[in-house]
Amino acid sequence: MEDIPVARDIMARPSRAMHPDMDIYQAVDVLIRRDTASAAVVDDENRLVGILTEKDCLRILANAAYACCAALEGGKVADYMSAVTATLAPNMDLFTIATLFLQTDFTHLPVIEKDELVGCVSRRRMLRAILEMEHLGASRKAQAEAFREMVEHPDSLGRIMKVVAGQKKSQLASLFSKRHVRPGGKGSRGH
């Protein structure tokens, strides 16, 4: 298939990156304000060092319960973040990305280029890309059907021009280079 989106086409820029030394409560506030389930954690050189998820943040409560106290202890993002188990390359195709999402519980996967975080692909962006691919496929199928119908049963010059305008040069060259046979067995090239 042609025109399969890659990570670079669907990723969001890494505006949600956090630093490992950031206060965990600040990080929770960022996740809530940005309405996101996770954020990449990068060091001072923008290298990915972890991922902070909503699930990771729930350990604030689990730690308080384990310590048998009502006080919630804080800490740094580094104390709560998850290790990176999967990353994407900018040129990784949609099918490969889907396979990686199916192998992990993360809702976002970081996109890494030259050891730096350049973006993030979410499951939601994957779903949008799937719909766009389906719509594009349906549109192409309709164009191909209209082209086939026009070739088999041309009913007006206007319709022929409209359908031909939507085709690639290679498709037109292929069509017009073929010898068409009229009913009765004679070719259309003056025979």
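Further remarks concern the pairing of strand S1 (residues 38–42). Working note: regular strand, side chains alternate between the two faces of the sheet. Most of S1 sits out of view: five of its five residues are buried. Side chains of S1 alternate between two faces, with Ser38, Ala40 and Val42 and Ala39 and Val41 buried alike. Where S1 lies against strand S2 (residues 48–53), five bridges are found, and the strand directions are antiparallel. Within the sheet, the bridge partner assigned to Ala40 lies in S2 and is Ile51. Between S1 and S2, which pair antiparallel in sequence order, lie five residues; one of them, Asn46, sits at a positive phi of approximately 65°.

This structure, assessed with the given rule, holds six salt bridges. We note a salt bridge from Asp56 to Arg59, for which the minimum N-O separation is 3.2 Å. Residue class for Asp56 comes out buried when judged on its relative accessible area of 6%. Sharing partners across several salt bridges, the network here consists of Asp43, Glu45 and Arg47.

The next subject is unusual backbone geometry. For residues that are not glycine, phi is negative in most cases, and the peptide bond is trans in most cases. Despite not being glycine, Asp35 has its phi angle at roughly 50°, a positive value. Among the secondary structure elements, Asp35 is positioned in the loop between helix H2 (24–33) and S1. Positive phi is not limited to glycine here, since Asn46 has a value of about 65°. For Asn46, the position within the fold is in the loop between S1 and S2. Asn46 sits in the partly exposed class, given a relative accessible area of 25%.

Thresholds applied
- Residues numbered from 1 in each chain as written.
- Predicted model: local features only at pLDDT ≥ 70, side-chain atom pairs only at ≥ 80, totals over all residues.
- Heavy atoms only, no water.
- Buried < 20%, exposed > 50% of the residue type's maximum accessible area, 1.4 Å probe, protein only.
- Helix = DSSP H or I, 4+ residues; strand = E, 2+ residues; numbered from the N terminus.
- Pairing = 2+ DSSP bridges.
- Salt bridge = Lys/Arg side-chain N within 4 Å of Asp/Glu carboxyl O.

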